[in-house]
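Summary of structural features
Chain residues, written in single-letter form:
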Amino acid sequence: MSSIYELNKDYAELSAMLEAAETPEEIEAIQNTLEMLDLSIEEKIENTAKYMINVEADIQGIKAEIDRLNKVKKSKESTIETLKNNIEYSMKQKGIEKLEVGTFKAGYRKSESVEIINLDVIPADFTKVEIKADKTAIKKAIKAGETVDGAQIQTNMNFYIK
């Protein structure tokens, strides 16, 4: 069965043939074929839209499975954190700082991290600022008749299938 692209190509070729046709029989034969192509294109588009609905249902199922697996993952991560805290608590209670058991080692190692006590007094060289346009407010202002330099409302044509 032909794809929508191939049907469109066939339609264009037949339209060109129709313009070049000389006899009433040729014209009638080409017009009949064009009518059949119109039906084929409509049927192909309908079938494609039905297939898209099935794929969208698959996507929803996959999303649900991802959500379920993320919950399982979080549960497993929580279990590991709890077990790690239990080991740490037990070692603290016994005053053990380092322990080797079989192929595993447990203990403490020194690390450093920066703690911000007062962000207001940190020099500008050590801060990050992200500037982002508020598109909702800009659109509302332009719709209300205001001029916003550096922005305009753009009309888009978004394709849809329902």
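Residues numbered from 1 in each chain as written. Predicted model: local features only at pLDDT ≥ 70, side-chain atom pairs only at ≥ 80, totals over all residues. Heavy atoms only, no water.

1. Notes on the overall build of the chain
- Scanning the chain from terminus to terminus reveals 3 helices and 2 strands.
- Each helix (α) and strand (β) of the chain, taken in turn from the N terminus, gives the series α-α-β-β-α.
- Out of the 162 residues in the chain, the part that is buried amounts to 7%.
- Expressed as a percentage of contacts within the chain between residues at least 6 apart in sequence, the contacts between residues at least 24 apart total 31%.
- For the chain, the accessible area works out to roughly 15700 Å², and carbon and sulfur atoms hold 55% of it. (Helix = DSSP H or I, 4+ residues; strand = E, 2+ residues; numbered from the N terminus. Buried < 20%, exposed > 50% of the residue type's maximum accessible area, 1.4 Å probe, protein only. Contact = heavy atoms within 4.5 Å. Areas by Shrake-Rupley, 256 points an atom, 1.4 Å probe, with all protein chains shown as cover.)

2. Some words on a negative patch on the surface
- A surface patch of negative charge is lined by Glu-22, Glu-25, Glu-26 and Glu-28.
- If you trace the backbone, Glu-22 turns up in the loop between helix H1 (4–20) and helix H2 (24–94). (Patch = residues over 30% accessible without salt bridge, like charges linked within 9 Å, V, L, I, M, F, W, Y side chains within 5 Å. Salt bridge = Lys/Arg side-chain N within 4 Å of Asp/Glu carboxyl O. Lys, Arg positive; Asp, Glu negative; His and termini not counted. Charge placed at Lys NZ, Arg CZ, Asp CG, Glu CD.)

3. Comments concerning the layout of surface pockets
- Approximately 260 Å³ is the volume attributed to the largest pocket.
- What lines the largest pocket is Lys-84, Ile-87, Glu-88, Met-91, Ala-106, Gly-107, Tyr-108 and Arg-109.
- Of all the elements in the fold, those that place two or more residues in the lining of the largest pocket are H2 and strand E2 (104–107).
- Considering each element in turn, the lining of the largest pocket owes the most residues, 4 residues, to H2.
- Looking at the lining of the largest pocket residue by residue, the classes come out as 4 nonpolar, 1 polar and 3 charged. (1 Å grid on protein atoms, 1.4 Å probe; cavity = no way out; pocket = protein on both sides within 12 Å on 5 of 7 lines; lining within 4 Å. Points joined across faces, edges and corners; volume = space filled by probe spheres on them. Nonpolar A, V, L, I, M, F, W, Y, C, P; charged D, E, K, R; others polar.)

4. Some points on the pairing of E2
- Across 4 bridges, the pairing between strand E1 (residues 98–101) and E2 is antiparallel. The residue bridging Leu-99 from the neighbouring strand is Ala-106, located in E2.
- What sits between the antiparallel neighbours E1 and E2 is a turn of 2 residues, in which Gly-102 has the positive phi angle 60 degrees. (Pairing = 2+ DSSP bridges.)

Everything listed here is a matter of geometry and, on its own, says nothing about what the molecule does.
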